Amino acid sequence: GQRVQFQWIHSGETSEETLNAFDKIKSLKPDLIIGPSLSSQVLILLKLLEQNKMRTPLVTPTATSTEILAYDNVLMVANSNSVQARMLASVIKEKKPRQVMVIDIRDCVYCTNMASELTAALSAAGIDYLSRTVMERDIESSEILAAAT
């Protein structure tokens with residue numbers, strides 16, 4: 001069978017850690033990159049590859065930002081935000097709920113992009129988007145555990 005050498009590199013959660021991962025990519029010169037997981041990291045990495053004239057193909061299993069589709073050396077395994085939003089709008093149109101609650105993470109790039117995409121998809125589907133209420137109260141994990149028991 002085919003033998004493939006894998007190098008596992010932690011890209012972290014910050015731009016600095018993504019830059020450190022890119023330094024390792026430059027030195028190892030892989031034939032294929034799998035990851036990172038977050039769209040923000042993928043976009044940083046794609047820009048770095050482009051700036052350094054590296055055409056290494058990148059496969060991202062979980063990133064969803066529609067901005068990634070502008071690059072031709074990347075394969076998104078997960079559906080983009082716009083595809084997910086159209087699917088959600090379709091479900092909302094079919095089920096006809098009177099109220100929808102969206103649970104997400106504050107200050108999350110994915111969540112912000114998804115909110116924009118979902119608003120556009122709802123409008124395109126002819127669904128009146130009445131308001132967006134943001135629940136600001138932080139809940140401590142101990143409160144969550146107490147509520148669950």
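Residues numbered from 1 in each chain as written. Predicted model: local features only at pLDDT ≥ 70, side-chain atom pairs only at ≥ 80, totals over all residues. Heavy atoms only, no water.

Novice: Can you help me understand helix 3 (residues 81-95) in this one?
Specialist: Every α-helix winds through 3.6 residues per turn, so residues three or four apart in the chain are directed the same way. The terminal C-alpha atoms of helix 3 lie 21 Å apart, and with 15 residues this matches the ideal 21 Å at 1.5 Å per residue to within 8%. Listed in full, the buried residues belonging to helix 3 are N81, S82, Q84, A85, A89 and I92. An end-on view of helix 3 places all buried positions within 155 degrees of arc, on one side of the element. Facing away from the buried side of helix 3 by over 90 degrees, the exposed positions are R86, E94 and K95. As for helix 3, its buried residues are in contact with helix 4 (109-124). Of the residues flanking the end of helix 3, it is K96, one or two places downstream, whose phi is positive at about 55 degrees. (Helix = DSSP H or I, 4+ residues; strand = E, 2+ residues; numbered from the N terminus. Expected span 1.5 Å × (residues − 1). Buried < 20%, exposed > 50% of the residue type's maximum accessible area, 1.4 Å probe, protein only. Arc of directions from axis to C-beta. Contact = heavy atoms within 4.5 Å.)

Novice: Please clarify how the nonpolar core should be interpreted in this entry.
Specialist: When a protein is soluble and globular, its nonpolar side chains tend to lie buried together. With 16 residues, the main nonpolar core has L45, L46, L49, L58 and I68 as its most contacted residues. Contributing elements (two or more residues each) for this core: helix 1 (15-28), helix 2 (39-51) and strand 3 (74-76). Here this core takes six residues from helix 2, the largest share from any one element. When near neighbours in sequence (up to four residues on either side) are disregarded, L58 contacts I33, G35, P36, V42, L45, L46, L49, N73, V74 and L75. (Core = buried A, V, L, I, M, F, W, Y, C linked by side-chain atoms within 4.5 Å.)

Novice: Explanation requested: unusual backbone geometry in the structure shown.
Specialist: When glycine is set aside, most residues are seen to have a negative phi, and most peptide bonds are trans. The step from G35 to P36 runs through a cis peptide bond, and the omega angle for that step is -5 degrees. Here the phi dihedral of K29 falls at roughly 50 degrees; this positive angle occurs in a residue that is not glycine. As for its position among the elements, K29 is in the loop between helix 1 and strand 1 (33-34). For K96, which is not a glycine, the phi torsion comes out positive at approximately 55 degrees. One can find K96 in the loop between helix 3 and helix 4.

Novice: Mind showing me how you'd approach the packing of aromatic side chains here?
Specialist: Pairs of aromatic rings are described using the distance from one ring centre to the other and the angle between the two planes. A full pass over the atoms with the stated rule returns one aromatic pair. Measuring from centroid to centroid gives 6.5 Å for F6 and W8, while their planes differ by 25 degrees, and the two rings are stacked. You'll find F6 and W8 in the same group, each marked exposed. (Phe/Tyr/Trp six-rings, centres within 6.5 Å; stacked < 30°, edge-to-face > 60°.)

Novice: Just to check I follow, could you spell out the side chain of S82 for this structure?
Specialist: Structurally, S82 can be placed in helix 3. Engagement of the side chain of S82 in a polar contact is seen with the side chain of S80, the distance being 3.1 Å. Sequence-distant contacts of S82, that is, excluding residues within four places in its chain, are made with T66 and E117. (Polar contact = N/O pair within 3.5 Å; in protein donor to acceptor, adjacent residues only side chain to side chain.)

Novice: It is not clear to me how the layout of surface pockets should be interpreted in this structure. Could you clarify?
Specialist: Unfilled space is identified by rolling a water-sized probe across the atoms. What the second largest pocket holds in volume is close to 850 Å³. Surrounding the second largest pocket, 27 residues form its lining, Q7, W8, L32, I33 and I34 being those nearest its centre. Counting residues per element, the lining of the second largest pocket draws most heavily on helix 1, at four residues. Partitioned by chemical class, the residues of the lining of the second largest pocket number 15 nonpolar, nine polar and three charged. (1 Å grid on protein atoms, 1.4 Å probe; cavity = no way out; pocket = protein on both sides within 12 Å on 5 of 7 lines; lining within 4 Å. Points joined across faces, edges and corners; volume = space filled by probe spheres on them. Nonpolar A, V, L, I, M, F, W, Y, C, P; charged D, E, K, R; others polar.)

Novice: Sorry, what's going on with the pattern of salt bridges here?
Specialist: Side chains carrying opposite charge are able to pair once their charged atoms draw close together. Counted under the stated rule, the structure contains two salt bridges. A salt bridge links D72 to R55, with the nearest nitrogen and oxygen atoms 2.8 Å apart. With D72 in the loop between strand 2 (58-60) and strand 3 and R55 in the loop between helix 2 and strand 2, the pair connects residues that are 17 residues apart, well separated along the chain. The two residues D72 and R55 agree in class, both being exposed. Linking K95 and E94 is a salt bridge whose minimum nitrogen-to-oxygen distance equals 3.9 Å. One exposure class covers both K95 and E94, and it is exposed. (Salt bridge = Lys/Arg side-chain N within 4 Å of Asp/Glu carboxyl O.)

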